[in-house]
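Each chain, written out:
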Amino acid sequence: MSFDEIIDRRGTHSVKWDMMDKIYQVPADSGIAMWVADMDFRPPACVQNALENMTGHGVYGYYGDDSSYLAAICWWMKTRHNWEVAPEAILTSHGLVNGTALCVQAFTEKGDGVAVMAPVYHAFGRVIKASDRRLVELPLATVDGRYEMDFDAWEAMMDPGVKMMILCSPHNPGGRVWSPDDLTRVAEFCKRHDLVLVSDEIHHDLVFGGAKHTVMPNAAPEILDRLVMMTATTKTFNIAGSHTGNIIVPDAKLRAKVQGVMNALGISGNTFGFMMAEAAYSPEGAAWVDELVAYIDGNRKLFDEGVNAIPGLASMALEATYLAWVDFSGTGMAPAEFKARVEKEAGIAANHGDSFGLGGESYLRFNLATPRARVVEAVERLKKAFADLQ
């Protein structure tokens, strides 16, 4: 795989490229799409081959006998994350936003509170509010340029009406890999407040610079009776369009609640997603991921060096994900001004930080999973857009 290859995604119904003009007024013919969290790379050949085998067969019926699919998930979690997963614990959702919604329905009632660590992935809040639940934003503290959990502050914000917590691990948008001690304290917090913990670990394969991701069941096995794990191939292998994710629930009683909601809504997986995920979770897929992570790490270093050299801009040190989180507060500009410079002058579409909730107002999120030439170009455009500060 050559990650340097420029693949033209315009006109392919790509949200990232075909919607950026409508949403950001950044033209696709001259702009750089750095917002939606999918990659501008093809997946590994093993995934493409699986699809070609399907199309070659030419019959697209219902999927059955998921034993090899479940075995592939179990193999991946054991070999890549040292986590023993029982096949019967795995439920398949239409991606992890759907998985989040299913958990909200399964473990809370209308009016209940659902806690998140803000700022955080914007879909959590969207799903919580749309389900008529109460979004409880527990603010992360910024210490030495990275996010830290602030349990002392959070204690005062809790009430008996909060029933569930969603953990983003690794953190999106901050790119933080939580330590085993952090995760243990999260588990203690959830036990103390009687919360179901939903741990979204979709970025757990994309970790850089010597950081090490720890899955929550290994960090705190004592909370398996209140833990729901969410994982997927979609971010790791750039197959988000397959809308396939896994809700892994070790506890049978909790699992039955999720399964009940899925049954009530008539939710089942799609054949394409099953086949793509099984192909991805393989030795060939693992080798591709290793190359991908090394490439994105290079993009990360290049982007951070360039952006941090611009007075007033600060890119948070990225330990995981491919999503740079850039603080513009040092410019003294109002959000409307720095957004206009990035979008109108630099021609870059980046996610607005305020969409990630409390604490994101001075930030923009940039997707670095694109050929390096585009990252170089984006840095140069940002330097020009903020040239008066240099």
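Structure's up top.
This is a predicted model, so every value here is computed, not measured.

Chemist: With reference to specific residues and values, describe the side chain of Thr321.
Modeler: Here Thr321 shows up in the loop between β11 (314-315) and β12 (323-327). A distance of 3.1 Å separates a polar atom in the side chain of Thr321 from the backbone nitrogen of Leu323. With sequence-adjacent residues up to four places away left out, Thr321 is seen in contact with His171, Gly175, His203, Leu206 and Phe208.

Chemist: Now, about empty space enclosed by the protein: what can you tell me, with residues and values included?
Modeler: In this approach the atoms are scanned with a rolling probe the size of a water molecule, which exposes any empty space left behind. In this structure the tally under the stated criterion is 1 cavity of 30 Å³ or more. Considering only enclosed or pocket space, the largest cavity measures out at about 30 Å³ in volume. The biggest single contributor to the lining of the largest cavity is strand β7 (residues 162-168), with 3 residues. Across the lining of the largest cavity, the residue classes tally to 6 nonpolar, 1 polar and no charged.

Chemist: Requested: an account of the sheet that holds strand β14 (residues 363-367), with residues and values cited.
Modeler: As summarised here, the arrangement of the 5 strands in space is β1-β13-β14-β12-β11, forming an open sheet in which the pairing is mixed. Two strands in the sheet have a free side with no partner beyond their single neighbour: β1 (32-34) and β11. Inspection of the sheet shows β12 paired to β14 by 5 bridges, in the antiparallel sense. Each residue of the ladder has a partner; that of Asp327, found in β14, is Tyr363.

Chemist: How would you sum up the state of the cysteines? Please name residues and give values.
Modeler: A disulfide bridge is the covalent bond that connects two cysteines by way of their sulfur atoms. All told, the structure shown has 0 disulfides when counted by the stated rule. The closest cysteine sulfur to the non-disulfide-bonded Cys74 is located on Cys46, 18 Å from its own sulfur. Taking relative accessible area as the criterion, Cys74 reaches 14% and is therefore assigned buried. Here Cys190 stays free of any disulfide, with the sulfur of Cys103 as its closest cysteine sulfur at 13 Å. Residue classification places Cys190 among the buried residues on the basis of a relative accessible area of 0%.

Chemist: How would you summarise the nonpolar core if you had to cite specific residues and measurements?
Modeler: In terms of nonpolar packing, the biggest core is built from 96 residues, with Met165, Met216, Phe303, Phe366, Leu382 and Phe386 touching the most fellow members. Here the element with the most residues in this core is helix α13 (residues 283-308); it accounts for 9 residues. Domain assignment of the residues forming this core places at least three in each of domain 1 (15-44 + 285-389) and domain 2 (48-282). Phe386 has contacts with Ile310, Leu313, Phe328, Met333, Phe338, Arg341 and Val342, leaving out every residue within four places of it along the chain. Grouped together as the second largest cluster of nonpolar side chains are 29 residues, Cys103, Val127, Met164 and Ile166 included.

Chemist: Describe in detail the pairing of strand β4 (residues 134-139), supporting the description with residues and values.
Modeler: Two elements, strand β3 (residues 113-118) and β4, share 6 bridges in a ladder whose sense is parallel. Looking at β4, one finds that Ala118 is bridged to Pro139. As a crossover connection, the stretch from β3 through helix α6 (residues 122-130) into β4 is right-handed.

Chemist: Requested: an account of the layout of surface pockets, with residues and values cited.
Modeler: Of the voids in this model, the largest pocket is the one considered here, and its volume is about 1,100 Å³. Only α1 (15-18), α3 (45-57), α5 (96-107), α6 and α10 (234-237) provide two or more residues apiece to the lining of the largest pocket. Ranked by residue count, the leading element in the lining of the largest pocket is α5, at 3 residues. Tallied by class, the residues present in the lining of the largest pocket amount to 17 nonpolar, 17 polar and 9 charged. When residues of the lining of the largest pocket are assigned to domains, at least three map to each of domain 1 (15-44 + 285-389) and domain 2 (48-282). Here the second largest pocket defines a volume of roughly 230 Å³. Of all elements in the fold, only α4 (67-81) and α13 reach the threshold of two or more residues within the lining of the second largest pocket. Take the lining of the second largest pocket: its biggest share by element is 3 residues, from α13. Split into classes, the residues belonging to the lining of the second largest pocket amount to 4 nonpolar, 3 polar and 4 charged. When residues of the lining of the second largest pocket are assigned to domains, at least three fall in each of domain 1 (15-44 + 285-389) and domain 2 (48-282).

Calculation notes
Residues numbered from 1 in each chain as written. Predicted model: local features only at pLDDT ≥ 70, side-chain atom pairs only at ≥ 80, totals over all residues. Heavy atoms only, no water. Helix = DSSP H or I, 4+ residues; strand = E, 2+ residues; numbered from the N terminus. Polar contact = N/O pair within 3.5 Å; in protein donor to acceptor, adjacent residues only side chain to side chain. Contact = heavy atoms within 4.5 Å. 1 Å grid on protein atoms, 1.4 Å probe; cavity = no way out; pocket = protein on both sides within 12 Å on 5 of 7 lines; lining within 4 Å. Points joined across faces, edges and corners; volume = space filled by probe spheres on them. Nonpolar A, V, L, I, M, F, W, Y, C, P; charged D, E, K, R; others polar. Pairing = 2+ DSSP bridges. Disulfide = S-S within 2.5 Å. Buried < 20%, exposed > 50% of the residue type's maximum accessible area, 1.4 Å probe, protein only. Core = buried A, V, L, I, M, F, W, Y, C linked by side-chain atoms within 4.5 Å. Domains from an automatic or database assignment. Right-handed = clockwise from strand over helix to strand, strands pointing away.

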